[in-house]
Structure formats: structure tokens, C-alpha cells
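# Structure at a glance
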Amino acid sequence: MKEFDIEEELKKLPNLPGVYLMHSDSEEILYVGKATSLHNRVRQYFRKGHGHGGSPKITKMVSQIAYFEYIVTGSEMEALVLECNLIKEYRPRYNTLMTDDKGYPYIRITIDEAYPRILYSHHMRRDKSKYFGPYTDGKAVHDIIQLVKKLFRLRNCNRSLPKEIDKERPCLYYQIGQCSGPCSSALVSREEYNEQIQQAIRFLKGDTRDLMNELKQKMKAYAAEMEFEKAAEIRDLLESIAHIMDKQRMNDTNADNRDIVAFARGEKDTVITVFFVRDGQLLGRENHHMSAEPEEPDDAVLTEFIKQYYSSTPYIPKEILTRIPIREPEILLSYRSDKKGQKVALLQPQRGDKAGLLKLAEDNARLVLEQDMERIRKKELRTTGAVREIAEILQIPSAARMEAFDISNISGYHSVASMVVFENGEPRRNAYRKFRLRTVEGPDDYASMKEVLTRRYTNEKLGPLPDVLMMDGGKGQVHIAEMVLDSLGLEIPVCGMVKDDHHRTRGLYYKDVELEFPKGSEAMHMVTALQDETHRFAITYHQLLRSKGQIHSILDDIPGVGEKRRRALLLHFKTIEALQSATIEEIAALPEMNARSAESVYRFFHPENESPEP
């Protein structure tokens, strides 16, 4: 990614609130942060003596940054919430991650109850309650709950109503006028109480103008009557309202899943921005580039993108929001509804939170078109362009979702396996999976792969089926995979990722033929990245288990060889058998080894030799 000129990109940063993502040259997200001004904040990372310059951790991170991207938001509040969501999604190595994963709080109204309550909640669950949030200030949430209870005289108790109505006299909250007394049938009816709940819901949705005007008048009246404590109490409540009602287009908490599709057009280039809302929270976005002539209508460009994009994406949301209607919506809706297994709605919101999210996506698309078009083109070549190239080489309809597997038996036993997923040319880390082998004893890669593939493709919870299956090996691994898929009645293309004598990806083994990549092609780089990531993920999992003392490696018994050197040996020689066959010179050639440690490794595997042969 050396073509990304950071100095030039820094000049393009908007003076707007938003979230920024720092990437390495391997597309790993190193850090996610939020900013009141993206222009000022991001520039600090690359200016000596400013902001983060004194932190060794950030200095190390900055040295690894190949490029950055950003998402503009409507307010700092939106940036805070989006930052939280993206950190949870990607768990970047340089972010300080919350160990309890508690997240931001919500306000919960138990509308499924006969006499609903208003509660503080750490999580939004898929139940029949109505949620508002998430919010970034827990104290303000407590304040607003107490305010709403007082204003609309909602109950504070946990009595089981109507079962316990008239069982006890009303509590103190009724006596001081802060509860309408639903625990007594003589005080308020169920219909009247639920009208109070509806008023509270409208208030929490942002209908606060009349109420705030009323509170301001009361505050002034108290001040005029020299009752300053009461005036100060109302002032504090007004501040809590102003703080918590900061508009949050980033989160629509009705737990729906939707994509927001917006675009911006130049003379011949079009940027399509897709925002992903899952369980009511904006988790991220993608930018796509399309070439379109100026005379081509907007609805034709949008329709073509939606056809291409949703024909290959493995997940389709409940709703797709666009500014303008697309052509032939009945055909597209029918196709997507069949694929998802339920009705999918194409909507063009004109007002409200959905329209606000759509405008935000359009603003981001416009910024990308103006400032990042060249980078988007190059990224498209490396990602979706490489995916199309792989599909053409294999002569299959699509390679949008690729899954790759690797077996790691570092000690020769205690095998583990990894599954890595690339979607549209990029790692989909939340879809990665780890397997501990249950039925295989010893270093039997074929039997291990048979178990792993069977477990993966008989478990629907592990995600949609891939367009192509990539095996880290040659003919033998491919045939094992084909045999497993055939026994399960699945037709998925299977390829073997073939390496040359220098452990570099050379081609793909497919249908008993080795297909070579064009020299320097993006497809070759993509498969290399997939193969390296698969092996890295398996090794990392095995090391995690070893660090917890759950497995023991034969390398642990070699004198003078610590964790760093064991890892170097494993990454270079791959298997214990290859290490056993290595000469002392080959072992000593590793940068992490010296003559003494290399001799120790060699003597460990060749105790019968008094002196190692070169």
C-alpha cells in the first residue's frame, strides 16, 4: 500500500466529527478512534512532538500505518457510539479493549407487561421490551429515568401487576405525587396508566420541546421566588435532557437489520457507500467504485450496483434503504426474499432517523468521491478485482466468499484447525472459527481435515456456505475435501493452494489440474494473503492453548530454545518432520537462532550423532 501518500491524505481531512480507522499494509485494522474534528485529530499522529508523539505504543502503531480511512458523523455523540461498535467488531490490537464488554447503557420500557416499568439496562436483548440508546453517560441515563418517572408518574416498584393490585396500600411515591398508583384499582386504570407510558415513549423519542419550555418557566419562577435549590434541581434536569437527547442517528434500537445504500457521482466515477446496521447498531461501512457515463440515469446505476452486490453477498438484511427507487423492484425483491428466506423491504425514507442515516451515508460517499477516489480504485483492484480474477481463472460464477482451512499439530499431536473467511477480498474476522480435534490421535492431517470439514458443513450456525473452498495443500487435501462435501450432498468448488520450493504461492490445484496465476496478478496476492492468514490463525490458536498449559509440544523439551525460537522454527519448517530432516546449517540460518541453539535443536533430534554433519 505504498501508493497511499499520507501527507496528501492529511490535507484532505474534513474539519468534521467522525471516526477514523488506521490500517496496516496487510489490511489489518490497527486502531479505531473518534474525533470532534477529524482534520485536527488524525494529523496529530503524524506530527512529532504533538498529541500522541510521546507514547511508545502509539509510536510503534504509527510506524505500521499504511493508510487510514474515516467515517463522518453528525455529532460527537454519534462518533462515540460508532467508535464503540467498531472496536467491538474488529478488536484492534492498539485499542484498549474492555474486558467486561459491557458497552453503553440503554433505557428499557417493559411494554410487554400490563403495567410497564422504565428500567436501566446494560444490554439490548431480543425481547418484547422497547429500548432507547445506547448512551455514553450512565449517570445521565439514571437521571433521565428518574425524570421520566416523576414527569409521567410511572411506578418505581417491582410488584407483579395486576396480580398484586389492591394487596397493599400505595407506597410513598404515590403519597408524594411521583406515582399514579397503579397498584390500587381505585386510583388509575390500566388504560390511563398506559397512556402515561405512551407519553414517556414520545418524550424519549425526542419530543421534548414543550416539556423543556415548561421546565424553563418553572425554573425561572422558582428563581424569582428565591427558591434556588428547586431552580438548581430543574437546571440539572434540563442539562441531563439536553445531554441525553443529543440526536443519535447512529443507533436505531428497534433491533432491525438494514443496509443504507447511498451514492455520489462524478464525471465518470461513482462511489457507492453501504452502511451496515445490525441489531439496531451501525457496525461499519464499505465504499465501492463504479464506472458510469454521465448520461446514464441515477436509478440505472443504483439498480446495477444492487444487482451485482446482493447477488454475491452472503447476508441480506431485513431492509435496504435508498434515496431513489430502483428499477424492476419486484424482480429484485423476489430474488432477495428467496435468498434470505423472508420478506426484504426496499425503502426510500423521507424523514426521521432512517432519512438521517441515509443523508449521513450520502455525505460520506460525497467526501470519498472528492478525496479518496484513487485509493478506492486501487483497493477495488486488490479486493473485488482480485476476487473476480480468481472466479475467471476457476471459471466459476463467484468467489465472493472464500473459506480456507489449515491443520496445526505443532507437537505432532494435539492437532487444532483454523477456518479463515474472506468476503469480497477482505478478511471477515468475526467469521473465523477454531477447532480442537476430537476423533483424531496423532499427526494425521487427512483424518483431521475430514473431521473439521464435516463439523463445519453440518453446522448451520457457522455461517453461509462459501462460493469456493481453499485448502492449504495439494491433491490429497483437495480430494479429502471433495469426498466430505460429496458425502454431505454439497457442491462447492474445492481448490488447493499450491506453493513453490520457496514457500511462495504458485497456483491453484483445481479439478486435477494446476492453474498458474499470471505473474504479479492481484489474484495471486489475494490467495497468498489467504494462505498466510490461515496458517497464522492456526498457529496462534495452538500457541494460545499451549500458553494455558492445555497441550505440550515436543519443542518445549529442547534445552536452550525458548518461545521466540520455537515459534521461528515452526513458522519456517512448518512440521516436526521437516525440522527433523533439516541440517544444522539450515537451522542456524534462521535470524532468531545462533550456532549454540541450532546445535541444541539438531542434537535433540539426532542424539546418536556425536557431532552434527553440515
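Only a predicted model underlies this, so the values are computations on that prediction, with no experimental measurement involved. (Residues numbered from 1 in each chain as written. Predicted model: local features only at pLDDT ≥ 70, side-chain atom pairs only at ≥ 80, totals over all residues. Heavy atoms only, no water.)

The subject of this paragraph is the state of the cysteines. Following the criterion strictly, the structure yields zero disulfides and no others. Counting only cysteine sulfurs, Cys157 is the nearest neighbor of Cys183, a cysteine outside any disulfide, at a range of 6.1 Å. On the basis of relative accessibility, which here comes to 5%, the residue Cys183 falls in the buried class. (Disulfide = S-S within 2.5 Å. Buried < 20%, exposed > 50% of the residue type's maximum accessible area, 1.4 Å probe, protein only.)

Quick look at the confidence of the model for the chain now. When pLDDT is averaged along the chain, the result is 79, and 82% of the positions lie at 70 or above. Mean pLDDT values for the elements of the chain range from 59 in helix α11 (residues 329–340) up to 92 in strand β16 (residues 468–471). Under a pLDDT of 50 for its full length, residues 98–102 has, in the predicted model, eight contacts with residues more than four places off or in other chains. Here residues 247–253 scores under 50 on pLDDT; set against residues more than four positions off or in separate chains, the count is 38 contacts. (pLDDT = per-residue confidence, 0-100. Helix = DSSP H or I, 4+ residues; strand = E, 2+ residues; numbered from the N terminus. Contact = heavy atoms within 4.5 Å.)

So, about the sheet that holds strand β2 (residues 29–35). Spatially, β2-β1-β3 is the arrangement adopted by the three strands of the open sheet, whose pairing is antiparallel. Because the sheet does not close on itself, it has two edges, and the strands there are β2 and β3 (67–72). When the angles between neighbouring strand axes are averaged without regard to direction, this sheet yields 20°. (Pairing = 2+ DSSP bridges. Axes fitted to C-alpha atoms, helices over the stretch in contact; angles between N-to-C directions.)

If you walk across this open sheet you meet the three strands as β5-β4-β6, and the pairing is antiparallel. Lying at the two open borders of the sheet, with one neighbouring strand each, are β5 (118–121) and β6 (130–132). Pairwise comparison of adjacent strand axes, ignoring direction, gives a mean angle of 30° for this sheet. Bridge analysis of strand β4 (residues 106–109) against β5 gives four bridges, and the strand direction is antiparallel.

Let us now look at helix α14 (residues 384–394). A turn of α-helix holds 3.6 residues, and therefore any two residues three or four places apart point the same way. The complete set of buried residues in α14 reads Thr384, Gly385, Ala386, Val387, Ile390, Ala391 and Leu394. In the segment just after α14, Gln395 is the residue with positive phi, at about 60°.

Moving on: the packing of helix α5 (residues 138–152) against helix α7 (residues 190–204). Relative to each other, α5 and α7 sit at 140°, their axes nearing to 10 Å. It follows from the interaxial angle that α5 and α7 lie oblique. Considering the relative orientation of α5 and α7, their crossing is right-handed. Residues Ile144, Leu147, Val148 and Phe152 of α5 pack against Gln196, Gln199, Ala200, Phe203 and Leu204 of α7. Here the residues of the contact of α5 with α7 are counted per class, giving seven nonpolar, two polar and no charged. (Parallel < 35°, antiparallel > 145°, perpendicular 65-115°, else oblique. Left-handed = near helix turned anticlockwise from the far one by under 90°. Nonpolar A, V, L, I, M, F, W, Y, C, P; charged D, E, K, R; others polar.)

So, about the side chain of Glu28. In this fold, Glu28 is placed in the loop between β1 (18–23) and β2. Side chain to side chain, Glu28 and Arg93 meet in a polar contact 2.8 Å long. (Polar contact = N/O pair within 3.5 Å; in protein donor to acceptor, adjacent residues only side chain to side chain.)

Nonpolar side chains collect at one region of the surface, where Leu172, Tyr173 and Ile176 lie side by side and expose about 310 Å² of accessible area between them. Here Leu172 is to be found in helix α6 (residues 172–175). (Patch = residues over 30% accessible without salt bridge, like charges linked within 9 Å, V, L, I, M, F, W, Y side chains within 5 Å. Areas by Shrake-Rupley, 256 points an atom, 1.4 Å probe, with all protein chains shown as cover. Salt bridge = Lys/Arg side-chain N within 4 Å of Asp/Glu carboxyl O.)

This next bit is on the nonpolar core. Residues Ile107, Ile118, Val148, Leu154, Phe203 and Leu204 are the most contacted members of the largest nonpolar core, which totals 29 residues. If you list the elements that add at least two residues to this core, you get β4, α5, α7, α8 (209–224) and α9 (228–244). Residue contacts for Val148: discarding those within four places in its chain leaves Ile118, Arg153, Leu154, Ala200, Phe203 and Leu204. (Core = buried A, V, L, I, M, F, W, Y, C linked by side-chain atoms within 4.5 Å.)

Here the focus is unusual backbone geometry. Put simply, Leu161 and Pro162 share a cis peptide bond, and its omega is 10°. Tracing the chain through its elements places Pro162 in the loop between α5 and α6. One non-glycine residue with positive phi stands out, namely Lys511, at about 55°. On the secondary structure map, Lys511 appears in the loop between β18 (505–510) and β19 (513–516).

Here the focus is a negative patch on the surface. Together, Glu293, Glu295, Glu296 and Glu304 line one region of the surface with negative charge. Note on placement: Glu296 falls in the loop between β9 (281–291) and α10 (298–312). Judged by its relative accessible area of 31%, Glu296 is partly exposed. (Lys, Arg positive; Asp, Glu negative; His and termini not counted. Charge placed at Lys NZ, Arg CZ, Asp CG, Glu CD.)

Burial analysis of strand β13 (residues 416–423) places eight of its eight residues in the buried class, which makes it a mostly covered element. Looking at chain direction, strand β12 (residues 401–408) and β13 are connected through eight bridges and run antiparallel. Within β13, the position partnered with Met402 by the bridge is Phe422. Note: β13 against strand β15 (residues 433–436), four bridges, orientation antiparallel. Bridging across to β15, Ala417 finds its partner in Phe435. In this structure, β13 lies alongside strand β14 (residues 426–427), joined through two bridges in antiparallel fashion.

Here we take up the pattern of salt bridges. Per the stated rule, a full pass over the model turns up 22 salt bridges. One salt bridge in this structure joins Glu113 and Arg155, with 3.6 Å as the shortest N-O distance. Highlighted residues: Glu113 in the loop between β4 and β5 and Arg155 in the loop between α5 and α6, separated in sequence by 42 residues. The closest approach of N and O atoms between Arg258 and Glu319, which form a salt bridge, is 2.9 Å. Here Arg258 is found in strand β7 (residues 258–265), whereas its partner Glu319 is found in strand β10 (residues 319–321), with 61 residues between them in sequence. Judged on exposure class, the residue Arg258 and its partner Glu319 are both buried. Residues participating in the shared-partner salt-bridge network are Glu286, Arg401, Glu403, Glu423, Arg428 and Arg456.

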